[in-house]
Amino acid sequence: MQAISKLDYYSKLLFDMEYIEVLKENGFNESGEPLKGCNNPEMTVDEIEVIALNRFNKRQETVEPFDFD
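Here the structure is a predicted model, which means the values were calculated and not measured.

Scoring rules and cut-offs
- Residues numbered from 1 in each chain as written.
- Predicted model: local features only at pLDDT ≥ 70, side-chain atom pairs only at ≥ 80, totals over all residues.
- Heavy atoms only, no water.
- Helix = DSSP H or I, 4+ residues; strand = E, 2+ residues; numbered from the N terminus.
- Expected span 1.5 Å × (residues − 1).
- Contact = heavy atoms within 4.5 Å.
- Core = buried A, V, L, I, M, F, W, Y, C linked by side-chain atoms within 4.5 Å.
- Buried < 20%, exposed > 50% of the residue type's maximum accessible area, 1.4 Å probe, protein only.
- Patch = residues over 30% accessible without salt bridge, like charges linked within 9 Å, V, L, I, M, F, W, Y side chains within 5 Å.
- Areas by Shrake-Rupley, 256 points an atom, 1.4 Å probe, with all protein chains shown as cover.
- Salt bridge = Lys/Arg side-chain N within 4 Å of Asp/Glu carboxyl O.

Further remarks concern helix α2 (residues 45-62). In this model, α2 (18 residues) spans 26 Å end to end at C-alpha, consistent with the 26 Å of a helix rising 1.5 Å per residue. Buried positions along α2 lie against α1 (9-25).

Below, the structure is given as structure tokens:
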């Protein structure tokens, strides 16, 4: 698994957007605290990061690199 700390600046920004989306989908606020009605309040930050990183990597596989030629 690729470490989040090894991502370049822009990839980290894209990962952060993915991470926030995963938090919201699983019923957490942006601080990682479960909201009322959270389906899985025992989920850890590490588990959420893994989900977000997997989604990020899948999306990166489908994105064409920029060609500035």
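Relative to the helices and strands, phenylalanine 28 resides in the loop between α1 and α2. For the pair phenylalanine 28 and cysteine 38, spaced 10 residues apart in the sequence, the C-alpha separation amounts to 6.9 Å. With sequence-adjacent residues up to four places away left out, phenylalanine 28 is seen in contact with Leu23, Glu33, Pro34, Leu35, Cys38, Asn40, Pro41, Met43 and Ile48.

Attention shifts here to the nonpolar core. Core analysis: the biggest nonpolar cluster contains 12 residues, these being Leu7, Phe15, Tyr19, Val22, Leu23, Phe28, Cys38, Met43, Ile48, Ala52, Leu53 and Phe56. Put simply, the parts of the chain that give this core at least two residues each are α1 and α2. Excluding residues that lie within four positions of it along the chain, cysteine 38 makes contacts with Asn26, Gly27 and Phe28.

So, about a nonpolar patch on the surface. Where nonpolar side chains cluster on the molecular surface, the patch consists of Tyr9, Tyr10 and Leu13 and spans about 380 Å² of accessible area. For leucine 13, the position within the fold is in helix α1.

Turning our attention to the pattern of salt bridges. Charged atoms that come close allow side chains of opposite charge to pair. The full count for this structure, using the stated rule, is 5 salt bridges. Across the pair glutamate 21 and arginine 55 runs a salt bridge, and its minimum N-O distance is 3.6 Å. With glutamate 21 in helix α1 and arginine 55 in helix α2, this pair connects stretches of sequence that are 34 residues apart. Where arginine 55 meets glutamate 25, a salt bridge forms, and the shortest distance between an N and an O atom there is 2.5 Å. A residue pair is termed long-range when its members are at least 10 positions apart, and arginine 55 in helix α2 and glutamate 25 in helix α1 qualify at 30 residues. On the accessibility criterion, glutamate 25 (46% relative accessible area) is partly exposed. One network of salt bridges, with partners in common, ties together Glu18, Glu21, Glu25, Arg55 and Arg59.

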